[in-house]
Structure formats: structure tokens, C-alpha cells
Amino acid sequence: MSAHNDSAHTEPESVDLSDPKLSRFEVYKEGLRRDDIEIIHYEPRFAKPGTKAEKRMERIVGGMFLFSGLFATAFVAAFIWWPWEYEGAATWRDPQTWYTPVLGATLGLSLLLFAAGVLTWAKKLLPIEELVQDRHDGGSSTEDRRIAEATVDGLVEDMGLRRRPFLVKAALLGAAPLGLAAVAPLGALLKDPGDMLTVTGWNAEKYNNGEPIRMMMRDGALVRPDMVSVGGQITVYPAIDHGATNQFPTAPVLLIHLRESDAAILRENLYPMYDEVDALWGNFVAYSKICTHVGCPTSLYEQQTQRLLCPCHQSQFNVVDNAAPIFGPATRHLPMLPMTVDDEGFFVATSDFLVPPGPAFWNRPSLPEEDEK
Ligand code: FES
């Protein structure tokens, strides 16, 4: 390709588009010539239109579009009707387990088939052509634009949109459900999330008849202070039915046994709302394990630097400063779970989280306004 010199460009001769002797291909060629495009090779994909081979290819492409539409419809149907709410721990036999894979498979297949249909149409039905173009700047003359329109008409003709009504209908039938699949997930936003964002498995009123909820490990063992050595941490869950399952996705908590000196620093830094409820017990502190960026488990505890690290996008939280974010994309602190030890020596939460745990979407504030520093 070579750069084009505008000053050397001579005005092309006018072309009468209404001349019946002018073939569509000549208009197409003229349009390309005016854009300094030269056709090196042009050959219809099928020497004779309407052959069996062409019809077969049309059916294959049309089938891809129709199946694409079918999978998109299946996606929308699964999105609306497939059971997704967990009731206790789900096994692979429960339909909830397959909710996400079904959505992914149906939408993926639909997009794949539609793309394959478009590509096959281009590769197997459109004429084979090789073009070379000189590069130039500036706008086109009115005549050039008219010829460009005629060229587009020619392209429509090449694609066979007029003589391949089956393909056009199949493409539309495939694209319509795909469009629906693109907007259907917005429907989920219409649902009122209720107290789902603010009430977790640690809410005694809702889940334990008002009795403080104990901490348990994944296997159900209740947690006592002597189970966590100084500088150590464990993940704990509310000791209620299904407390350690996906039914309570925002409940996991990291129980950390701080060194004496670190606990003292944290007490000095405590946000007033945590100070008021006496959120720590001895040198123990409990933080939500759900990263406030997009919800990964924040479970890497660096005892030396007193940081909690989220492995997903490297957010870091300062354990001795209310788990405030100090690095990475997270913008809210990890909520602290107020807790103590009951008469029988087990850890219990004294309330639910004071601010919602989990990702910071909808700009949820990190703290009550009066506690903002
Ligand atoms: Fe934790 Fe992104 S989810 S940093």
C-alpha cells in the first residue's frame, strides 16, 4: 500500500448509475476504484446460484441461527424458572447446583452458534475476493457517496439477502431471543433484595430466637479461645442450621488472636461504633471474611505486618485499624463482628454486623456518617 497524494488526485469521470448497460459488478468496481481499491481476485462462491450445494450450506447456516435462538430461549427460561435458592447444603443432584452451569452453557452455546453462523455465511456463501487499497485523507464527493450507496446495494445482493429469505428469517429468529437473553438479567434488578444485604446468619432475632449465636468451625465444632494460638486465625460460621453453607454467603468470619501489643493498638483505633458495643474479647477480634471489593474470601493473614490480604485483586486491610483498606481496589473496611465468650466458654456473636458485609456496590457507606473519620 502507498500513501495517496491528494493534489495529484484527478477527478474521476462521471458515471450514469441509471444506465441499464452498467452491471452491478461494474458499479461495485467503480465504487472501489474511486476509493483507490483494486480488485485482485473476485469469484462467486458458487458458479451457478441455487445449486444443491448452495442450498445445503444455507440450511446449515440457517440451522446454526435457529439453534442459537433456541439456546437463547432456554437461557431466558432457565434464568426465570430454574430453582436457584439454596435450602440447606446442595449436592450435585439438586437443581440449584446446576443453575450457573446451565445459564453459562445455554448462553455460551447460543453466542457460539450465532457467531459460527455469521462466519460460515461469510466463508461459505459470500464471493471470494481480494482487494488492495491506497490510503488517502479527506471527504468524498457527492458522486462518490452515491456510488458507495450503490456498492452497499451490491453487497446486500452478494450476501443474497433477497434471494435467501430462509437465512434472513433464521438469523432474525436466532437474534431475537439472543437480544432477549441480553436484557433478561436486568429483570433481576427489579426484585426487592429485602433485608438480604443487612441481615446475615449472625442475626440472633431472625435465626436463633433472640439467643446469641455461637461460633462454629466448618465441621460444626464450637469455638473456644484456647483453640486459636496467639498470632493465629481461623474461619468461623454461625452455629445455626446450615450456617456454614451457601445459604449464608456473607456470614463467614475470620477470628484472629492478636498479640497483646497489636490488640492495644486496635483498641486505640477502634471506630466509635465498635467501641460502644465492646466488639473485641480479650485480644481476639472477628472480621467479615468477605472482601468488600467484589466478595472473594479475604483469608491471607500476615501476622508481621498486621495485614489481611485478598488474593483476588490484592486488596489489603489493616487488622489493627478496623480492617480499613490500605491497598488495592477495596474501598470499605471489613466489618467487625462484635463478640464475647459465653458462660460455657464458647465464642458468641453479641450482635449481627453493624454495617453490611460484602462488596461495596451501590456505594454503600463504610461507616455510619457520625463515625466517618
Ligand atoms: Fe478482594 Fe477484589 S475481591 S480485592
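A few words on the packing of helix α3 (residues 99-125) against helix α5 (residues 165-183). Between α3 and α5, the shortest axis-to-axis distance is 11 Å and the interhelical angle comes to 145°. Seen from above, α3 lies across α5 with left-handed handedness. The residues of α5 that touch α3, namely those facing Leu 107, Ser 110, Phe 114 and Gly 117, are Ala 171, Gly 174, Leu 178 and Ala 181. In terms of residue class, the contact of α3 with α5 is built from five nonpolar, three polar and no charged.

Turning to the pairing of strand β6 (residues 284-288), a few remarks are in order. Every regular strand shows the same layout, with side chains that alternate between the two sheet faces. For β6, a buried count of four out of five residues is recorded, marking the element as mostly surrounded by other parts of the structure. In this structure, strand β5 (residues 253-257) lies alongside β6, joined through five bridges in antiparallel fashion. Counterpart to Ile 256 in the pairing with β6 is Val 285.

A separate point is the sheet that holds strand β8 (residues 307-309). Strand order in the open sheet formed by four strands is β7-β8-β9-β10, with antiparallel pairing between adjacent strands. Looking at which strands have only one partner, the edges of the open sheet turn out to be β7 (300-302) and β10 (324-327). Recorded for the sheet is a direction-independent mean angle of 35° between the axes of neighbouring strands. Direction of pairing for strand β9 (residues 316-318) relative to β10: antiparallel, over a ladder of three bridges. The residue bridging Asn 318 from the neighbouring strand is Ala 324, located in β10.

With that settled, consider the sheet that holds β6. Within the open sheet, the six strands sit side by side as β6-β5-β4-β3-β12-β11. Their pairing is antiparallel. The two strands at the open ends of the sheet, each matched to only one other strand, are β6 and β11 (339-341). Direction aside, neighbouring strands of the sheet carry axes that sit 40° apart on average.

Residues shown with low pLDDT carry predicted positions that ought not to be read at fine detail. Confidence in the prediction for the chain averages 86 pLDDT; 91% of positions are at 70 or higher. Across residues 1-8, confidence stays below pLDDT 50; counting only partners more than four residues off in sequence or on other chains, it has 14 contacts.

Moving on, we come to the environment of Lys 123. Turning to its location among the elements, Lys 123 is positioned in helix α3. The spatial distance from the C-alpha of Lys 123 to the C-alpha of Arg 45 is 8.9 Å, given a sequence separation of 78 residues.

Turning our attention to the environment of Thr 106. Of note, Thr 106 is situated in helix α3. Residue Thr 106 is classed as buried on the basis of its C-beta count, with 22 C-beta atoms lying within 10 Å. A sequence separation of 49 residues divides Thr 106 from Met 57, and the C-alpha atoms of the two residues are 24 Å apart. Leaving out residues up to four positions away in the same chain, Thr 106 has contacts with Phe 71, Ala 74, Phe 75 and Ala 78.

Ranked by size, the top nonpolar core spans 39 residues in total, and within it Leu 255, Val 285, Ala 286, Tyr 287, Met 336 and Leu 337 carry the most contacts. Elements represented by at least two residues in this core include exactly β3 (213-216), β4 (233-238), β5, β6 and β12 (347-349). In terms of residue count, the dominant contributor to this core is β5 (four residues). Beyond its immediate sequence surroundings of up to four residues, Tyr 287 is in contact with Val 253, Leu 254, Leu 308, Ala 323, Leu 334 and Met 336.

The next thing to look at is the packing of helix α2 (residues 52-81) against α3. Packing of α2 against α3 brings their axes to within 8 Å, and their N-to-C directions diverge by 160°. Classified by the interaxial angle, the pair formed by α2 and α3 is roughly antiparallel. Seen from above, α2 lies across α3 with left-handed handedness. For the contact of α2 with α3, the class distribution of residues is 21 nonpolar, five polar and one charged.

Rules of the game
Going along each chain's sequence as written, the residues are numbered from 1 onward. Restriction of local features to residues with pLDDT of at least 70 applies here, the model being predicted, together with a cutoff of 80 or more for giving and counting side-chain atom pairs; totals for whole chains, interfaces and linings are based on all residues. Only C-alpha atoms enter the line fits that serve as axes; for helices the fit covers just the stretch in contact. Angles between N-to-C directions range over 0 to 180 degrees. Helix and strand assignments come from DSSP, with helices taken as H or I runs of at least 4 residues and strands as E runs of at least 2, each series counted from the N terminus. For any pair of crossing helices, the crossing counts as left-handed if the nearer helix is rotated counterclockwise from the farther one by less than a right angle, and right-handed if it is rotated clockwise. Once C-beta atoms are placed from the backbone, any two residues with those atoms within 7 Å are in contact. Three categories are distinguished: nonpolar for Ala, Val, Leu, Ile, Met, Phe, Trp, Tyr, Cys and Pro, charged for Asp, Glu, Lys and Arg, and polar for the others, with Gly belonging to the last. Neighbour counting defines burial: a residue surrounded by 20 or more other C-beta atoms within 10 Å of its own C-beta is buried, one with 12 or fewer is exposed, and intermediate counts give partly exposed, using backbone-placed C-beta atoms. Two strands pair under a simple rule: DSSP has to find at least two bridges between them. Per-residue confidence from the predictor is reported as pLDDT, a score between 0 and 100. A set of buried Ala, Val, Leu, Ile, Met, Phe, Trp, Tyr and Cys residues, joined through C-beta atoms within 7 Å, is what we mean by a nonpolar core. Each angle gets one of four labels, with under 35 degrees taken as roughly parallel, over 145 as roughly antiparallel, 65 to 115 as roughly perpendicular, and the rest as oblique.

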